[in-house]
Structure formats: C-alpha cells, structure tokens
Amino acid sequence: MSQEKANLVSTSDEVSRLYDRFAAQCAASMFGDSMSLHLGYRDDPDSEVSFSEAADRLTDLMTEKLKIGSGSHVLDVGCGVGGPGVRIARLTGARVTGISVSQEQIAVANSLAESAGLAERVVFQQANAMEMLFPAQSFDAAIALESLPHMPDRGQVLTQIGRALRPGGRLVLTDLFERAPIPAAKQPAVDRLLNNFMSTLVRAEDYPPLLRHAGLWFEEILDISEQTLPTSYVWLQSELETIMFGDEVTGRFDGIDVIIPEVGYLMVVAKRPKR
Ligand SMILES: C[S@@+](CC[C@H](N)C(=O)[O-])C[C@H]1O[C@@H](n2cnc3c(N)ncnc32)[C@H](O)[C@@H]1O
C-alpha cells in the first residue's frame, strides 16, 4: 500500500469520534424507526419502501442466515445505536451482546433495549472489536453489519470473532468491496468516502483465505450491490452528510454514485467448524 493510501485508513479513535458525533441525532433522523446505521436492501430497486424498512430487511436476511433460536447468544460486532441487536433479540428470542467503539452509541443502544423491555437479554458495551476481551467460545453466532469496512485490519477482527465463536457457530457480515478495478478518474470519489472513516476496500476473493486464517469456514458470498447501493447512495448524498456533520459541509459523499459499479456491497456467511 502506498504511503498516500495509508493516510486514508481509519483508526478506531477517528471512527468513534465520528459516530459519537451523531449518535443522538439517529433517533430523530431517517434512521429513526429502525435505529439502524446500515444500507437498506430493496428486492426491487424501484420499490418505494422507506429507508428504515429497507434497513430492517437487510438485518432480517442476515439474521435468517445465523440459524439461531431462543437459547442462542449472539455477538453484534459494531452494533451502532442498537436497532439491529434489539430486532434480532425480539424476532428470535436470542440474547445479544453488542459492541461499538462509540460510547455515545452505546448509551443510545442501551436505552433502546431498555425501552423495548429487552434489557435483560440485550446488552451493549463499549469495546474495540480489534481487541475483544470475551472468553474464547462465548457466542453461538456473530453478526457484523457494515462494521468491517471501518476496521484497520480485517484479518485481526475476523480472528477475534473466530475465537469468540463456539464450534458450529456462524458469522454473517456485510462489507464494501472492490468489484472491478477503480479507474483513476473515480479514485478521488473513493478516497473521499474512505477518508479517515473507512479502511481499504477488500476484494471478494480475499474473503475465503481471510476466514480460513481466522479458523472459519467460508459458506456463502453474495454480491448484493444491486439491492443496496443505487438507492442508498442517493440517500447518503442527500441526508447522511447533514446527519453526520450538521451544517459543516465536507463533500464526503458528493458524486458518490460514480463509484457504482466498481465499489460493491457483499454479504458473507462463515462457520466455525465443529472440529
Ligand atoms: C455503519 S455502522 C453500523 C452499525 C450497526 N451494525 C448497524 O447496522 O446499525 C458501523 C459501526 O461499527 C462500529 N465500529 C467501527 N469500528 C469498530 C471497532 N474497531 N470496534 C467496534 N466497533 C466498531 C461503529 O462504532 C459503528 O457502530
């Protein structure tokens, strides 16, 4: 990686500062109903379902792939303001422990669990996923909904997750990926998106070896760019900058749709082998 590129890579401190900044606004914004900070999934890109409904749809698709039930304990890696974790607990009966580097998000997420009457089963705590302190084999499943793009080292966080999972436990994650080589003219738009907030882009073919090194078996990889990106990018351009930065104009998301189709969105399913 060139020095110039290395400067673009996020650190956990920068990520937590950015997320702290708009944790409280989430409830009052378009994220409102779902309390989810991830892209929406639309089976039909022209569908008029709200951002919140589309965000929940993605959570539900991922939850189905976890294959969990009421006895399960799920680790939510990069839990945001708690919407997905609370939803998973409500729909499956599972216990959920969520972690985020942002203390402000954790405060909002724990109040959400409390007001949903789920505080006994759903707990959020501040922790860095790169250095998890959970005992080995503590969880039956793990979900990482759009948090890996922020992690400076995907191999390290996957190893941490692999260690925390019990044999037979599944990990389902979403990530941004380089679908095709990025032409030089589009590189500035990609750099603006990643700038101090996201890590480097992964390639789909990187996942099987990354998972293998983490002691996980790769089960499925789905390119869900068409169902997530076109409509969400419109929303990012028009809404997210204001929610994140208030009146400060950063231009981070300007012209972001030019990076379709080179930058895609994928869902990965992996499993810790039984032996
Ligand atoms: C795009 S948001 C997604 C939040 C949540 N998964 C959701 O879907 O609503 C990314 C999340 O990853 C968290 N995150 C980023 N880097 C992290 C790290 N090193 N350790 C723990 N959480 C991290 C952020 O604080 C934020 O909560």
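Residues numbered from 1 in each chain as written. Predicted model: local features only at pLDDT ≥ 70, side-chain atom pairs only at ≥ 80, totals over all residues. Heavy atoms only, no water.

Trainee: Honestly, the site of the ligand in this entry has me stumped. Any pointers?
Mentor: Close to the ligand lie 22 residues; Leu37, His38, Gly78, Gln105 and Ala129 are nearest. Histidine 38 is positioned such that a nitrogen or oxygen atom in its side chain is 2.6 Å from an oxygen atom of the ligand. Within the backbone of leucine 145, a nitrogen or oxygen atom sits 2.9 Å from a nitrogen atom of the ligand. Taking 590 Å² as the accessible area of the ligand by itself, protein coverage stands at 99%. Sort the elements by how many residues they give to the shell around the ligand and helix α2 (residues 12-22) lands first, with 3 residues. For the shell around the ligand, the per-class residue count stands at 11 nonpolar, 10 polar and 1 charged. (Near = heavy atom within 4 Å. Polar contact = N/O pair within 3.5 Å; in protein donor to acceptor, adjacent residues only side chain to side chain. Areas by Shrake-Rupley, 256 points an atom, 1.4 Å probe, with all protein chains shown as cover. Helix = DSSP H or I, 4+ residues; strand = E, 2+ residues; numbered from the N terminus. Nonpolar A, V, L, I, M, F, W, Y, C, P; charged D, E, K, R; others polar.)

Trainee: Explain the environment of proline 209 here, please?
Mentor: By the element assignment, proline 209 lies in helix α8 (residues 207-213). Residues proline 209 and proline 188 lie 21 residues apart in sequence; the distance between their C-alpha atoms is 29 Å.

Trainee: Would you mind showing me how to read the side chain of threonine 92 here?
Mentor: Note on placement: threonine 92 falls in helix α4 (residues 83-92). Of note is the side chain of threonine 92, whose polar atom sits 3.1 Å from the backbone nitrogen of alanine 94.

Trainee: Hey, could you run me through the packing of helix α3 (residues 51-66) against α4 in this one?
Mentor: Two packed helices can be described by the angle between their axes and the distance between those axes. Two numbers describe how α3 lies on α4: the axes approach to 10 Å, and their chain directions differ by 55°. Between α3 and α4, the crossing angle belongs to the class labelled oblique. α4 is crossed by α3, and the crossing has right-handed handedness. Facing Asp56, Thr59, Asp60 and Thr63 of α3, the residues of α4 in contact are Pro84, Arg87, Ile88, Leu91 and Thr92. Across the contact of α3 with α4, the residue classes break down as 3 nonpolar, 3 polar and 3 charged. (Axes fitted to C-alpha atoms, helices over the stretch in contact; angles between N-to-C directions. Parallel < 35°, antiparallel > 145°, perpendicular 65-115°, else oblique. Left-handed = near helix turned anticlockwise from the far one by under 90°. Contact = heavy atoms within 4.5 Å.)

Trainee: How do you make sense of the pattern of salt bridges when you look at a structure like this?
Mentor: Evaluation of the coordinates by the stated rule reveals 12 salt bridges. Taking the shortest distance from any N to any O, the salt bridge between aspartate 140 and arginine 166 comes out at 2.8 Å. Taken together, the positions of aspartate 140 in strand β4 (residues 139-144) and arginine 166 in strand β5 (residues 165-178) put the pair 26 residues apart, joining distant regions of the chain. Using a relative accessible area of 25% as the deciding quantity, one classes aspartate 140 as partly exposed. Classification of arginine 166 by relative accessible area gives partly exposed; the value is 31%. One continuous salt-bridge network, built from bridges that share partners, spans Asp56, Asp60 and Arg87. (Salt bridge = Lys/Arg side-chain N within 4 Å of Asp/Glu carboxyl O. Buried < 20%, exposed > 50% of the residue type's maximum accessible area, 1.4 Å probe, protein only.)

Trainee: When you look at the pairing of strand β7 (residues 263-271) in this model, what are you seeing that I'm missing?
Mentor: Strand residues, when the strand is regular, have side chains that alternate between the two faces of the sheet. With 8 of its 9 residues buried, β7 lies for the most part within the structure. Inspection of the sheet shows β5 paired to β7 by 9 bridges, in the antiparallel sense. Paired with glutamate 178 across the strands is valine 263, a residue of β7. Here 6 bridges tie strand β6 (residues 217-223) to β7, and the two strands are oriented antiparallel to one another. Counted as the bridge partner of phenylalanine 218 is alanine 270 from β7. (Pairing = 2+ DSSP bridges.)

Trainee: I keep staring at the environment of valine 263 and nothing clicks. Help me out?
Mentor: Position of valine 263 relative to the elements: it lies in strand β7. Residue classification places valine 263 among the buried positions, given a relative accessible area of 1%. Residues valine 263 and proline 183, spaced 80 residues apart in sequence, show a C-alpha to C-alpha distance of 11 Å. Each residue touching valine 263, except ones within four places of it in the same chain, is listed here: Leu176, Phe177, Arg179, Ile182, Val190, Leu201, Leu229 and Tyr233.

Trainee: Can you help me understand the sheet that holds strand β1 (residues 73-77) in this one?
Mentor: Strand-to-strand pairing in sheets goes through backbone hydrogen bonds, with the strands running parallel or antiparallel. What the 7 strands build is an open sheet, ordered β3-β2-β1-β4-β5-β7-β6; its pairing is mixed. Each having just a single partner strand, β3 (122-126) and β6 make up the two edges of the open sheet. With strand direction ignored, the average angle separating the axes of adjacent strands in the sheet is 15°. Pairing analysis gives 5 bridges linking β4 to β5, with the strands arranged parallel.

Everything listed here is a matter of coordinates, which is why it stays silent on function.
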